[in-house]
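Structure assessment
The chain contents come next:
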Amino acid sequence: MKPIFASALVATVIFSSGAAHAQTAQATPAVSKPKPYMNMGRNATPAEVAAWDIDVRPDFKGLPPGSGSVSKGQGIWEQKCASCHGTFGESNEVFTPIAGGTTKDDVKTGRVASLTSEKQPQRTTIMKVATISTLWDYVYRAMPWNAPRTLTVDETYALVAFMLNLSEVVPDDFVLSNKNIAQVQGMMPNRNGMTQKHGLWTVKGTPDVKNTACMSNCAQHVAIGSVLPDYARNAHNNLAEQNREYGPYRGVDTTKPPLSALPAAGMMMVSTASAAAPKAAGPADLFKKENCSACHAPAAKLVGPSIADIANKYKGVANAQAILEKKVKAGGAGVWGAIPMPAQPQLSDADNKTLVQWMLNGGK
Amino acid sequence: MSERTKTTQSLGNPNLIRKAPENFLSQETIAEINQHGADETRRGFLRKSFMAALGGVGAAGSGLALANPQGDPAILEKQIWQTTLGKNVATEPYGTPSIYEKNLIRRESPGLTRVSAASVAFTPLQGLFGIITPNGLHFERHHQGWYNIDPNKHRLMINGLVKNEKVFTMNDLLRLPSVSRIHFIECGANTGLEWGNVAVPTVQYTHGMLSCCEFTGVPLSTLLDICGADLKKGKYILAEGGDGSGMTRTISMEMALDDVIVAWGMNGEMLRPENGFPLRLVVPGVQGVSWVKWLRRIEVGDMKYATKDEAIHYIDLMPDGLHRQYTSIQECKSVITTPSGGQQLFDKGYYNVSGLAWSGRGKIKRVDVSFDGGNNWRTARLETPILTKALTRFNIDWVWDGSPTIMQSRAIDDTGYVQPTIRQLRAVRGTRSIYHNNAIQSWKVDTNGEVSNVQVG
């Protein structure tokens, strides 16, 4: 109650002149009435603004003082970042790679030459980013991916320094700080690689591509340039089960080869979808629903170990079921590396049991 | 008539094995047979149910000659819903779609992303009607997973170049004067998989990062007014989300004061958690990433912020190696949703062809449809309402003669902009752009009735 009362007082003081006008407004319609909701909300305290106002702009407004070395960055990277991004920022396993595709020459020109080549398989973060503030801001606000906002200011400097070292922008013994970050900006490989000259920022912008509304004989020759390859027919699973099962437009049964001819309406009585009853939610669904799949995959290592690896490790271990149930519920760290497994207090005992049984069976 | 005769013959062909239609036995009957076995009475009942289910679908649908000369069992025989007591009111207190609608759900595209917490689930446009997306089918795109945020603990802070830096609770916001407006939201990467070539089979995956709802909330201009925003120096706002990714986007002050809404309502209910409950930004006409979900902070500033998603992603690579930064407007676009890729037509004859058109710059003025790959065009019927920066539904008559057909739709907005071909887009932007692909979509109908995704040119 107290803050609301205080803010009402502040608002009264600020808008008291407006209120005075309002009284005279009845006589002089030229003066607009104050809006009745102008005192809504309360003033933010300096501590509140400081807690949330963490963004860092290209002119470094918002950047806190601090520093971090490449070597310190490497240590933190191996602990907290490498499992997703690879030891050298090269991993394409979970997200697109961080480093690669830039040269020392790019550091001089500020344009990444490989961006003009069709040969470069993947655009890495360092190839694209023009502003070092962007890296600092995002690492600090949102990393590590499964534990955002747990890095300190100095750790963030160190990690940015390490990423730039991976890209040969700064030397091995470099220490990045709020004092020299503007100089490093001058070495960003793609710092001159952005343009804002286009019509897609405002509603009134001018389009870059023009078509005309031709109505007849518009194309001399209609040729199909691209189709889905045959092997991809069922890549999105059975399309019959992704469409309504009645009405004129049904889904194609992609578990089967294409029909040789138009089936004609009489075949519409045959439901194209499988007649199986809806599957009961099994452990695999539970695994997804409870968000375990954010960090674990069946066979590949993601943020955490794969189900296959877990099953292997606990093969023949007495009380494996009980140990793992406890671990899933309470969380833990150290068995598979430094990244902690968060506690899952929301999980019911029955679901926990099902999940662990399923894991110990290798996800079967 | 000859078609009809042929069909009747194929129905009477004893060699043609027909699959049982779905759900022709109730769960109760199945349980009963499992428990007691199938005696003569039950066998008779099985046969009857099977014939009823078969006849019901086929005969009722297309006026074919009937297997039973007396008529359609769906009419002649009493159905369970006519002869027994149905369910009570509020058996489903919030309600769910019919069990016969289970196929139309949001879906992920297999292999598109490795982790589902930073992924996309697409809206099933192939089965929707009108322009409003049901809340349960509104597409999802998260960067760090979603939470059910406690609305009692949610705050919106406005800071930066304002006279008073303020905090609003949901109680405050819901008291303020609100507006309700229907707008489309489209991810900048919608159709982005197809810059280079055909990549996915159905309209759910080509265009399903698209939804349209009635959003309710307080205009952002009202909040900026309350805080006394400095409109001289404050040329931009930064919108920031309350999720782990702390999603941040720069928006021009011009838009912020125009039609941007700080919204809590979606189609008459509160936002769904997957769509930003309890608060999100609505930025009409602009790519979805700017519609910051779980909105917790608005900062007024004097320069663009170059946050991660406007400096590393959502930038368009041009053929000369330059990236276009701050591309935001979703230009005029349309797509035929029925029939569309992955669907199967069963017969020649009349079809109502239907689709959606939209423009981030204003209203849809006209939609043309071609049935010959873009050589000749006919103007479609636009259905009301036709709203600014909202989806517009179009319909057109089509009588299919059974020959291969390439269908396209081409929208024109009230600025006179004509939706381009993929060829025209590639000529300017190359093929490595990912975002803002608003090309004319082609669907091929083959002689076997199968509809597939193709690119012309």
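For the structure itself, look to the data block above.
Residues numbered from 1 in each chain as written. Chains lettered and ligands numbered in written order. Predicted model: local features only at pLDDT ≥ 70, side-chain atom pairs only at ≥ 80, totals over all residues. Heavy atoms only, no water.

A tally of regular secondary structure across chain B gives eleven helices and 24 strands. Counting only residues that meet the buried cut, chain B has 60% of its 457 residues in that class. Of the accessible surface of chain B, which amounts to about 17900 Å², a share of 54% is contributed by carbon and sulfur atoms. (Helix = DSSP H or I, 4+ residues; strand = E, 2+ residues; numbered from the N terminus. Buried < 20%, exposed > 50% of the residue type's maximum accessible area, 1.4 Å probe, protein only. Areas by Shrake-Rupley, 256 points an atom, 1.4 Å probe, with all protein chains shown as cover.)

In this assembly, 119 residues from chain A lie in contact with 147 residues from chain B. Each partner contributes to the roughly 11600 Å² buried at the junction of chain A and chain B, and carbon and sulfur atoms together form 56% of this total. On the surface where chain A and chain B come into contact, there are eleven salt bridges. On inspection of chain A and its partner chain B, the count reaches 65 residue pairs in polar contact (both at pLDDT 80 or more). Of all the secondary structure elements, the ones that give two or more residues to the side of chain A that touches chain B are α1 (2-25), β1 (42-43), α2 (46-52), α6 (125-128), α7 (132-142), β4 (194-195), β5 (224-227) and β6 (250-251) of chain A. Considering every element that reaches the side of chain A that touches chain B, the biggest residue donor is α7 of chain A, with five residues. Considered class by class, the residues forming the side of chain A that touches chain B number 61 nonpolar, 33 polar and 25 charged. Here β4 of chain A runs beside strand β14 (residues 323-324) of chain B; their pairing, made up of two bridges, is parallel. Looking across to β14 of chain B, one finds that threonine 195 of chain A is bridged to arginine 324 of chain B. (Contact = heavy atoms within 4.5 Å. Buried area = accessible area lost by both parts, 1.4 Å probe. Salt bridge = Lys/Arg side-chain N within 4 Å of Asp/Glu carboxyl O. Polar contact = N/O pair within 3.5 Å; in protein donor to acceptor, adjacent residues only side chain to side chain. Nonpolar A, V, L, I, M, F, W, Y, C, P; charged D, E, K, R; others polar. Pairing = 2+ DSSP bridges.)

Residue and element names in this part refer to chain A. Summed over the entire model, instances satisfying the criterion amount to 15 aromatic pairs over all chains. Here the aromatic rings of tryptophan 136 and tyrosine 140 are separated by 4.9 Å at their centres, their planes lie at 35 degrees, and the arrangement is tilted. Within this pair, tryptophan 136 and its partner tyrosine 140 are both found in helix α7, separated by four residues, close to a single helical turn. Using a relative accessible area of 22% as the deciding quantity, one classes tyrosine 140 as partly exposed. (Phe/Tyr/Trp six-rings, centres within 6.5 Å; stacked < 30°, edge-to-face > 60°.)

With mixed pairing, the three strands of this open sheet are ordered in space as β4(A)-β14(B)-β13(B). Pairing within the sheet leaves two strands with one partner each, and these edge strands are β4 of chain A together with β13 (316-317) of chain B.

Attention now moves to the pattern of salt bridges. All chains considered together, the criterion is met by 35 salt bridges over all chains. Note that arginine 297 of chain B is salt-bridged to aspartate 55 of chain A, the shortest N-O span being 2.6 Å. Placement of arginine 297 of chain B in strand β12 (residues 295-301) and of aspartate 55 of chain A in the loop between α2 and β2 (67-69) is noted, with the two residues assigned to different chains. Here the two residues arginine 297 of chain B and aspartate 55 of chain A agree in accessibility, since each one is buried. Glutamate 240 of chain B is the partner of arginine 141 of chain A in a salt bridge, and the nearest nitrogen-oxygen pair spans 3.0 Å. Taken together, the residues span two chains, with arginine 141 of chain A in helix α7 and glutamate 240 of chain B in strand β7 (residues 236-241). When salt bridges with common partners are traced through the structure, they connect Asp53, Asp55, Asp137 and Arg141 of chain A together with Glu240, Arg296, Arg297 and Glu299 of chain B into a single cluster.

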